[in-house]
Amino acid sequence: MIAETTITGWLTDPESLIAAGLLLPLLALIAIQLFGRWPNLREAATLTVSTVLFAVVGRLSQIVFAGNRPSLTLGEFLPGFEIGFEIEPLGMLFALVASGLWILTTIYAIGYMRGHHEQHQTRFFSCFAIAIFAAVAAAFSANLFTLFVAYEVMTISTYPLVAHHGTEKARDGARVYLGILLSTSIAFLMLAIVWTWFIAGTLQFRAGGILSDAFAAGDISRWQLGLLLALFAFGIAKAALMPFHRWLPAAMVAPTPVSALLHAVAVVKVGVFSVLKVVVYVFGLDLLQTSGVNLWLAYLAGFSILTASLVAMTKDNLKARLAYSTISQLGYITLGAAIATPSSVVGGGMHIVMHAVGKITLFFCAGAIYVAAHKTDISQMRGLGRRMPFTFAAFLIATVSIIGLPPCGGAWSKWFLAVGTVESHQFILTAILMISSLLNIAYLMPIPMRAFQTPEGDGDTSGSTIQEAPLFCVVPLCITALGSIALFFAGQWIYEVLLPITIP
Amino acid sequence: MSDHLPILLIVLPLIAAPLCVLVGNRKVAYVVALAAAWCTFAIALTLITQVTRSGPIHYNIGDWAPPYGIEYVVDSFSGFVMLFVAGIGALVLSYAPPSIKAEIPQSKHYLFYATYMLCMTGLLGICATGDLFNVFVFLEISSLSSYALISLGRSRRAPLAALQYLILGSIGATFILIGIGLLYQMTGTLNMADIASRLDTHHGPRTMLVSFAFLTVGLCIKMAVFPLHRWLPGAYTYAPSVVTCFIAATSTKVSVYAFARVVFGIFTPDFAFEQLSLNTGLMILALIGIFGTSITAIFQDNVKRMLAFSSVAQIGYMLLGISMANQSGLTAGIIHMFNHALIKGGLFMVAGCFALRLGSVNLSDWQGAGRTMPWTSFAWVVGGLGLIGVPLTAGFVSKWLLLTAAVQSELWPVAVLMLLSSLLALVYIWRVVESLYFAETSQRAADAVDAPLQMLVPTYILIGAILVFGVWTTYPFDLASEAASTLLGAPTP
Amino acid sequence: MSIEQVVGLYNYWIVVFLMMTGFYIVIARTNLIKSIIGLNIFQTSVFLLYITMGRINGGTAPIIPAVVADAHAHAHPADAHATDGPAGHSLHETADELIYSNPLPSVLMLTAIVVGIATTALALALIVRIREEYGTVEEDEILELDRYS
C-alpha cells in the first residue's frame, strides 16, 4: 500500500519525472553497452527505454501544458553557473517530438542497419542514446549554461555517427561537421553567453527576457545588442543559418537513420530551438521589437530560405536535396524567431514539430529506397513508386506537409509565420515565404511524381511487383506520414499550448 | 608525527633517491621509489585537507624560528600544487616500467628511479619552502635531475636537447640567483614573507626593479614563456616517454607557481602590474605565444613535439589568468595549472603507450592505430577533448573561468583571441584523431595491440580525472579560489 | 656620480664585466665546451656578487676572536647568562667594537658553488655523450648532421 503510494507519488512528482527523463537515455546507453553482444536484447532494451521515456515525457507534458513550470536544479557547476532544468511549453513540445521520434527511429534503425549489415552497431546505438540525452537536456534546460553544455554534448556524441562508415568520405564530412559546429559554438556562442552573463548578471531563461534592464540602463548599446544577437545566431550553427550551413550537407555521409533523427530532428532542432529560446527568453520579444536589431536576422533567414531552396533544386542526390531543403526549412524557424511577434514565434515553434515529422518521413523514405533498391539519385527513381507504393505514398504526404498545404501539419506553421511577417509589415519577407513554398513544390514534388510514372524502357517485369524495404523500415515511415496528417488537426491545440511563451 | 608532515613530504623522496642507488637492483629500486611516491601523495593529500580545515601550516626546520631558520609554508596554493605534482608523479611512476624497459637500458633503471625521485623532491620543495634561497636550491635540484632524465632518451638528439635545456635553464637559474641576491641585499632576509614586509614597493630603491627584472626573466625561462621557450620542444620530444609525462605535467606549472609567489607574495601586484604594467606585456606575450606555438603545433608530424608546442601555448593561458591579477583571473589561472597538468600528463601518457607499441611517435606511424589499439586511441580522444575544452571535461572549466574573468575585467580582445586560439587546439588534436581512426593502417599499427594494463590503467585514471574534474568542479575550484585569495592577501573565507 | 664613487664600486664593475663576458660566451660560442666555460664564468660572477655584498669594510670574519671568547669565559665561569656584571660590561664594549662581515652570503654561495659544479659535471657528461654520437662538439656541425639524418 505504502509502496503503491510512493510509486504514484513518484509518477506525479515533476522533479523525479524530469530526473527520469534525463536518466532514461543514459540507462539506455548502459543497457546498450551491456547487451552489445546480443543485438536482439540490445534493441529490445533501447525500445523499452525509449517507450518509457516517451511515457515520462508525455506525463510531464500534461503538467506543463496545464500551466505549471516544473523545475529541477542539480546544483552549481561553477559559482554563478548552475545546471538546472525548468520546462516551459516550447521545450516540452521539443522533448515530446524528440522522444516520440526516437522510438520510431529505433525501429527503423533496426531494419536499416541490419538490412544493410552495418558494422559497429553497438557504438551506433550508444551514441544515439547520448544524443537523445543531450536533446532532452537541452529541451529542459533552465538557463543558457545548461543549454550550452547539452548543445556541445550533442555535437560530440553525433560525430561518431556521422563518421560511422570510417571511409575517407565519412572522415571529410565529419570533419566539416565537427569543425563548423564546434568552432562556431566556441568562438561565438560561448562569447555570447559570457557576454550576456556579464551584462545581465544571470543566465536564467525568463519570460520577457533578461536583457531589457541592461539595455534600458545603457549597459549595452543598440549596435552591441545587434552584435550579441549575431553571435547567438551564428554561434548556434546547428540552426544551419547561412553561411554556417555547410555542416548539414556534409553530415549526409552518415547512415540514413542518423540523418533522419539527428539531421532532421534532434541536432537541427536543438539549433532552432536554442535560437527561439534565446530570442524569447533572453532577449525578449519586446526588446527586439523596440530596438529593432532583429530585422537583419530576419532578412538573412529569408536569404537562407531562398538560396537553400534554389541549391536544393540542383541536387540529384536525394539526401543532399533533403539536406538543403532542411536548411531552407530551418530558415523559416529562424525567421519566425527573428521577426519576434507572437504569431511568428508560435509559428516557428510549431514548425519545429511540423517539419520534424515531415522531414523524418522523407529521410526514412530515402533510407528505405536505398535499402530496397540501392538508389540514391533522384534521376534513377523513375517508376520506383510502383515497386514501393507505401514508401512513396508516405513521401508524397510528407512533401505536402513540407510545402505547407492542407491537410498536413505544415500548413499551420507556415500560416502563422506568414501572419507574423504581415503583422510586422515586412511584406518582402511574406513574399519570400510564398516564393519559397513554390520552390518547395518545384524541388520536392517531382520526386514522388516521377516515381509513380512508368519506368523508363519498360521491359523488366520487376517494376510491377511490390518490393518494399523491410517491415521495420516501412512501418515507421507510414506512422510518421500519418502523423503529418494528424498534426493538421492538432494545429489549434499546439497553438494554444505555445501561446503562453509569448506572454512575458 | 603529523606535525612533521611538511618536511616529510620533501625528505621522503629525497631519501628514496640515494636508497635507490644503494640497492642497485632495478626491481627493488622501483618498489622503493613507488612506495615513496605514493606515500608522498598521501602526505600531500593529508596536508591539503589540514590546510582547508585549519588554515596554513608553518613549519620551522630544526625549530629555528624564521627569519633565522628556514620556514616551510603549506597554504592552499602550495598545497594544491603539491597535491597534483605528487599525484601525477606517483601515477606516472606506476605507469613507468613497461615504457622505460623499452626505452632505457636496463642497467640504468635504478639510476633512473633515483633521479626521478630527486626531480620530485625538487618540485615539491619549491612549493613547500617559504625561503627564497631554498626555492633556488630546489629549482636546481629539479632542473638538474630533469636534464639528466631527458638525456636518457633513446634518440641521439636527447643529450643535445638536454644540454640546450641545461644551458638555458642554468642561465635562468643564475638570473634568479642574482634577483634573490639583490633582494637579500635590500632587506637582509631570505624569508619570503619577511622580505615582503620589509620591501617598500612604492618608494624602494631602483635595485628592487633590477631584482624583479632578473627574477621575472629567469622564471620566464623556466616557465617556457614565449619567446623563451626554445628549450622546451626539444626537451619534451627527445626525453623518454615517462620523463616527458612527468615533466610536462608538473615542471612548468611549478615554475608558474614560483612566479606567482614572487609577484604576489613578494613584490605585490601593485608594484608589478600597476607601476610596471608587466601585465600588459605578459598578456601580449602570452597571446602571441598561444597563437604562434599553436600554429606551429599544427604542422608537426612528431606527436610529442606537437604536444610540447601545445604546452607552451597552455602556459600562455595560465599567464593570462595570472596577469589579470584579480580574484577570478587568478582562480582561472591556478585551476588551469591543475587541469592542464591532468590533460597534458594524460595525453603524454597516451603518446607513451603508442610509443611502446608502435615504436614511434610520428603521426604517420600512428595511422590507423584506432583499429588495432582501441583503448589507447580512445584515451587520446578524451584527453584531446579536454585540451580543446569541450564541456564536461576539465579543460572546459578552466577555459570558461578564464573567459568570464577576461570579460569581467573587460578585456574583450583577450576574450575573443582566447576563444579563437582554442580552435587551433581543435585542429591539431583532431589531426591525430583522424589519423588514428580514418587513415590507411600503417605497417607498424597493423600488428600492434593495446598497451599493457600496467600502462593503460594509470592512463585511464588520469584521463578519467579529466572527466571527473570536468563535472565535479567544486573541489578544485574551491582550492584554487582559496589559493587566489591567499595570493591576493584577502582573508580566506 | 663622481669618479670616486665609480671607482669605489670597483667590485661591482668586476662582477658586471665577468657576467657580461660569461653571458656573451654562452650566447655567441657554438663550441659546446666553450659555452659551458662561459656559463661557469657567468655563475662565478654571481658568486662574487654575493660575497662582495656580505663583506663590510674593516669587518672581520664572523668568528668571536679567541681573546674575547677567553675573557668572556673567564669572567663568567659558572653563569653564561649573567652579562650585566661590571667586569662583563667592559668586555662587551670590546666585543662591540669588532665589526663582523655577514657570513650568510658566503654560506649561500657554498651551496651555489655545489650547484654550479653539479651543473658543469652534468654538462660535461652530456657533451661526452654528444661527442660519442656525433663525433664533434661544434653545435652548428651537429645541427648540420641532424638535418641530413
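Every chain's residues receive numbers from 1 upward, in the order its sequence appears when written. Lettering for chains starts from A, numbering for ligands starts from 1, and both go in the order in which the items are written. It should be noted that, the model being predicted, local features are given only for residues of pLDDT at least 70 and side-chain atom pairs only at 80 or more, the latter also being counted only at that level, while totals for whole chains, interfaces and linings use all residues. Heavy atoms throughout the structure, all of them, feed into the side-chain values; hydrogens and water do not.

Peer 1: Explain the overall build of chain A to me, please; I cannot follow it from the model alone.
Peer 2: Per the convention used, a helix needs a DSSP run of H or I reaching at least four residues, while a strand needs a run of E reaching at least two, with both numbered from the N terminus. Secondary structure assignment for chain A yields 22 helices and 2 strands. Here the C-alpha radius of gyration of chain A, 22 Å, is about what a compact globule of 504 residues would show, namely 23 Å. For chain A, the C-alpha atoms occupy an extent of roughly 75 × 60 × 45 Å along the three principal directions. A burial count over chain A gives 64% of its 504 residues as buried. Two residues qualify as a contact provided that any one of their heavy atoms is within 4.5 Å of a heavy atom in the partner residue. Of the contacts formed within chain A by residues at least 6 apart in sequence, a portion of 80% connects residues at least 24 apart. The reference for a compact globule is 2.2 Å times residues^0.38; the radius of gyration itself is calculated from the C-alpha atoms. A simple rule labels every residue: compare its accessible area, found with a 1.4 Å probe on the protein chains alone, to the largest value its type can have, and call it buried under 20%, exposed over 50%, or partly exposed in between.

Peer 1: Honestly, the pattern of salt bridges in this entry has me stumped. Any pointers?
Peer 2: A side chain of one charge can pair with a side chain of the opposite charge if their charged atoms are brought near each other. The salt bridge definition used is simple: a Lys or Arg side-chain nitrogen within 4 Å of an Asp or Glu carboxyl oxygen. If you walk through the whole model with that rule in mind, you get 11 salt bridges over all chains. With a closest N to O distance of 3.4 Å, C:D146 and B:R157 form a salt bridge. Linking C:D146 in helix α7 (residues 139-147) with B:R157 in helix α6 (residues 157-187), this pair reaches from one chain into another. One salt bridge connects B:R444 with B:D365, and the closest N-O pair in it is separated by 3.5 Å. Remark: B:D365 occurs in helix α14 (residues 363-366) and B:R444 occurs in helix α19 (residues 443-446); sequence separation between them is 79 residues. A relative accessible area of 39% places B:R444 in the partly exposed class. Beyond isolated ion pairs, a larger network of salt bridges with shared partners links B:R156, B:R157 and C:D146.

Peer 1: Explain the pairing of strand β2 (residues 71-74) of chain B here, please?
Peer 2: Two faces make up the sheet, and in a regular strand the side chains alternate between them. Residue and element names in this part refer to chain B. Alternating positions in β2 separate into two faces, E71 and V73 on one and Y72 and V74 on the other, with burial throughout. The pairing of strand β1 (residues 57-60) with β2 spans 4 bridges and is classified as antiparallel. Along β2, the bridge assignment pairs Y59 with Y72. For two strands to pair, DSSP has to find at least two bridges joining them.

Peer 1: Looking at this structure, I do not really get the interface of chain C and chain B. What am I missing?
Peer 2: With 38 residues of chain C at the contact, the number on the chain B side is 30 residues. In total, about 3000 Å² of surface goes out of reach between chain C and chain B, with carbon and sulfur atoms giving 75% of it. Connecting chain C to chain B are 2 salt bridges. Between B:R156 and C:D146 there is a salt bridge, with its nearest N and O atoms 3.7 Å apart. With 17 residues, the single largest contributor to the side of chain C that touches chain B is helix α6 (residues 104-134) of chain C. Put simply, Ala, Val, Leu, Ile, Met, Phe, Trp, Tyr, Cys and Pro go in the nonpolar bin, Asp, Glu, Lys and Arg in the charged bin, and everything else, Gly too, in the polar bin. Each residue belonging to the side of chain C that touches chain B can be placed in one class, and the counts come to 28 nonpolar, 6 polar and 4 charged. By convention, the term buried area covers the 1.4 Å-probe accessible surface removed from two parts as they join, with the contributions of both added.

Peer 1: Sorry if this is basic, but what is going on with the arrangement of the chains here?
Peer 2: Where 2 pairs of chains are in contact, the pair with the most contacts is made of chains B and C. Separating chain A from chain C is a minimum C-alpha gap of 33 Å, and the two share no contact.

Peer 1: How should I be thinking about the domain arrangement of chain A in this particular structure?
Peer 2: Often the size quoted for an interface is simply the accessible area lost on bringing the parts together. All names here are of chain A. As far as domains go, chain A holds domain 1 (14-290) and domain 2 (294-455 + 462-504). The source of the domain bounds is an automatic or database domain assignment. Look at where the C-alpha atoms of domain 1 and domain 2 centre, and you get two points 21 Å apart. Contacts between the two partners involve 56 residues from domain 1 and, on the opposite side, 53 residues from domain 2. Contact between domain 1 and domain 2 buries roughly 4500 Å² in total, counting both sides, with carbon and sulfur atoms accounting for 82%. One can count 0 salt bridges joining domain 1 with domain 2. Polar contacts, as used here, are pairs of N or O atoms within 3.5 Å; protein pairs need one atom able to donate a hydrogen and one able to accept it. Residues neighboring in sequence count only if both atoms are side-chain atoms. Counting every contact that joins domain 1 to domain 2 gives 10 residue pairs in polar contact (both at pLDDT 80 or more). Those elements giving two or more residues to the side of domain 1 that touches domain 2 turn out to be α4 (89-115), α9 (222-235), α10 (247-250), α11 (256-283) and α12 (285-291).

Peer 1: What is the right way to look at helix α2 (residues 26-54) of chain B in this model?
Peer 2: Residue and element names in this part refer to chain B. Working rule for helices: expected span equals 1.5 Å times residues minus one. Here α2 spans 41 Å end to end across 29 residues, near enough to the 42 Å set by a 1.5 Å rise per residue. Where α2 begins, the side chain of N25 points an oxygen toward the backbone nitrogen of K27, at a separation of 2.7 Å. A positive backbone phi angle near 85° is found at G55, which sits one or two residues after α2.

Peer 1: Looking at this structure, I do not really get the interface of chain A and chain B. What am I missing?
Peer 2: The interface is formed by 28 residues belonging to chain A together with 31 residues belonging to chain B. Of the roughly 2800 Å² buried where chain A meets chain B, counting both sides, 85% is carbon and sulfur surface. Counting the surface chain A buries against chain B, the share from its top three residues, A:F77, A:I186 and A:F198, is 21%. The interface formed by chain A and chain B includes 1 salt bridge. The interface formed by chain A and chain B includes 3 residue pairs in polar contact (both at pLDDT 80 or more). Of the residues forming the side of chain A that touches chain B, the biggest block, 14 residues, is contributed by helix α7 (residues 168-200) of chain A. Classifying every residue of the side of chain A that touches chain B by side-chain character gives 22 nonpolar, 3 polar and 3 charged.

Peer 1: Before we go on, may I ask you to explain the pairing of strand β1 (residues 71-78) of chain A in this structure?
Peer 2: Residue and element names in this part refer to chain A. With 6 bridges joining them, β1 and strand β2 (residues 81-86) adopt antiparallel strand pairing. Bridge assignment links L72 to a residue of β2, and that residue is F85. Taking the residues that link successive antiparallel strands as the turn, the β1-β2 hairpin has 2 residues, and the phi of G80 there is positive, at about 90°.

Peer 1: Honestly, the packing of aromatic side chains in this entry has me stumped. Any pointers?
Peer 2: A ring pair, where both rings are aromatic, is described by two values, the distance of the centres and the angle of the planes. Centre distance within 6.5 Å is the pairing criterion for rings of Phe, Tyr and Trp, where only the six-membered ring of Trp is used; planes under 30 degrees apart are then read as stacked, over 60 as edge-to-face, and the remainder as tilted. This structure, assessed with the given rule, holds 56 aromatic pairs over all chains. Measuring from centroid to centroid gives 4.6 Å for A:F416 and A:Y495, while their planes differ by 10°, and the two rings are stacked. Of this pair, A:F416 sits in helix α18 (residues 410-423) while A:Y495 is found in helix α22 (residues 491-498), placing the two residues 79 residues apart along the sequence. Three or more aromatic residues link up through ring pairs in this structure, and these residues are A:F77, A:F81, A:F145, A:F148, A:W197, B:F396 and B:W400. Charge-over-ring contacts are defined here by two conditions on Lys NZ or Arg CZ: a distance within 6 Å of the ring centre and an angle within 35 degrees of the ring normal. Sitting above the plane of the A:Y151 ring, A:K238 keeps its charged end 3.6 Å from the centroid.

Peer 1: Can you walk me through the side chain of B:S151 in this structure?
Peer 2: Positionally, B:S151 belongs in the loop between α5 (132-150) and α6. B:S151 has contacts with B:A158, B:P159, B:A162, C:L126 and C:R129, leaving out every residue within four places of it along the chain.

Peer 1: How should the packing of α4(A) against helix α21 (residues 471-489) of chain A be read in this particular structure?
Peer 2: Axes are the key here: two packed helices are described by the angle between their axes and the distance separating the axes. Residues and elements named next belong to chain A. Their axes nearest at 7 Å, the elements α4 and α21 cross at an angle of 155°. As summarised for this structure, α4 and α21 are arranged roughly antiparallel, according to the angle between their axes. Handedness of the crossing formed by α4 with α21: left-handed. Here L101, L104, I107, Y108, I110, G111 and Y112 of α4 lie close against α21, whose contacting residues are F472, C473, P476, I479 and T480. Lines fitted to C-alpha atoms define the axes here, with helix axes fitted over just the stretch in contact, and angles between the N-to-C directions of these axes take values from 0 to 180 degrees. Oblique is the label for every angle not falling under 35 degrees (roughly parallel), over 145 degrees (roughly antiparallel), or within 65 to 115 degrees (roughly perpendicular). When the near helix sits turned anticlockwise from the far one by under a right angle, the crossing is termed left-handed; a clockwise turn instead gives a right-handed crossing.

Peer 1: It is not clear to me how the packing of helix α12 (residues 303-324) of chain B against helix α17 (residues 394-408) of chain B should be interpreted in this structure. Could you clarify?
Peer 2: Residue and element names in this part refer to chain B. Packing of α12 against α17 leaves a shortest axis separation of 10 Å and a crossing angle of 35°. In the crossing of α12 with α17, the sense of the turn from one axis to the other is left-handed. The residues of α17 that touch α12, namely those facing Y317, G321 and M324, are L402, A405 and A406.

Peer 1: Would you mind showing me how to read the confidence of the model for chain B here?
Peer 2: One rule of thumb: low pLDDT means the predicted coordinates there are not for detailed reading. Each residue carries a pLDDT score, the predictor's confidence in it, ranging from 0 to 100. Per-residue confidence for chain B gives a mean pLDDT of 90, with 99% of residues at or over 70. Here the prediction assigns the complex a pTM of 0.90, and the interface score ipTM is 0.88.

Peer 1: Honestly, a nonpolar patch on the surface in this entry has me stumped. Any pointers?
Peer 2: Residue and element names in this part refer to chain C. Patch membership requires over 30% relative accessible area and the absence of a salt bridge. Like charges are linked within 9 Å, and nonpolar side chains (Val, Leu, Ile, Met, Phe, Trp, Tyr) within 5 Å. Using a 1.4 Å probe, accessible areas were evaluated by the Shrake-Rupley method; residue-level cover was limited to the displayed protein chains. A contiguous nonpolar patch, built from L9, Y10, W13, I14, V16, M20 and L48 and spanning about 660 Å² of accessible area, is present on the exposed surface. Sort the elements by how many residues they give to the nonpolar patch and helix α2 (residues 10-28) lands first, with 5 residues. Among the structural elements, M20 can be located in helix α2. M20 sits in the partly exposed class, given a relative accessible area of 46%.

Peer 1: Help me understand the nonpolar core in this model?
Peer 2: Across soluble globular proteins, nonpolar side chains show a tendency to be buried alongside one another. Grouped together as the largest cluster of nonpolar side chains are 435 residues, with contacts concentrated most on A:F283, B:W366 and B:W380. Per-element accounting of this core gives the leading share, 21 residues, to helix α10 (residues 241-275) of chain B. The contact partners of A:F283, leaving out residues within four places of it in the chain, are A:G208, A:G209, A:L211, A:L225, A:L228, A:L229, A:F232, A:V278 and A:L288. We call a set of buried Ala, Val, Leu, Ile, Met, Phe, Trp, Tyr and Cys residues a nonpolar core when their side-chain atoms join them within 4.5 Å.

Peer 1: What exactly am I supposed to notice about the state of the cysteines here?
Peer 2: Any covalent bond linking the sulfur atoms of two cysteines counts as a disulfide. Working definition: a disulfide is two cysteine sulfur atoms within 2.5 Å of each other. Applying the stated rule across the entire model yields 0 disulfides over all chains. With no disulfide of its own, B:C39 lies closest to B:C20 among cysteine sulfurs, the gap being 13 Å.

Peer 1: Sorry if this is basic, but what is going on with unusual backbone geometry here?
Peer 2: Residues apart from glycine generally show negative phi values, whereas peptide bonds are mostly found in trans. With omega at 5°, the peptide bond leading from A:M242 into A:P243 counts as cis. One can find A:P243 in the loop between α9 and α10. Across the junction of A:P406 and A:P407, the peptide omega takes the value 5°, indicating a cis bond. Tracing the backbone through its elements, the reader meets A:P407 in the loop between α17 (389-403) and α18. If you check the backbone angles, B:A224 has positive phi at about 65° while not being a glycine. The backbone of B:T268 shows a phi angle near 65°, a positive value even though the residue is not glycine. Structurally, B:T268 is set in helix α10. With a relative accessible area of 27%, B:T268 lands in the partly exposed category.

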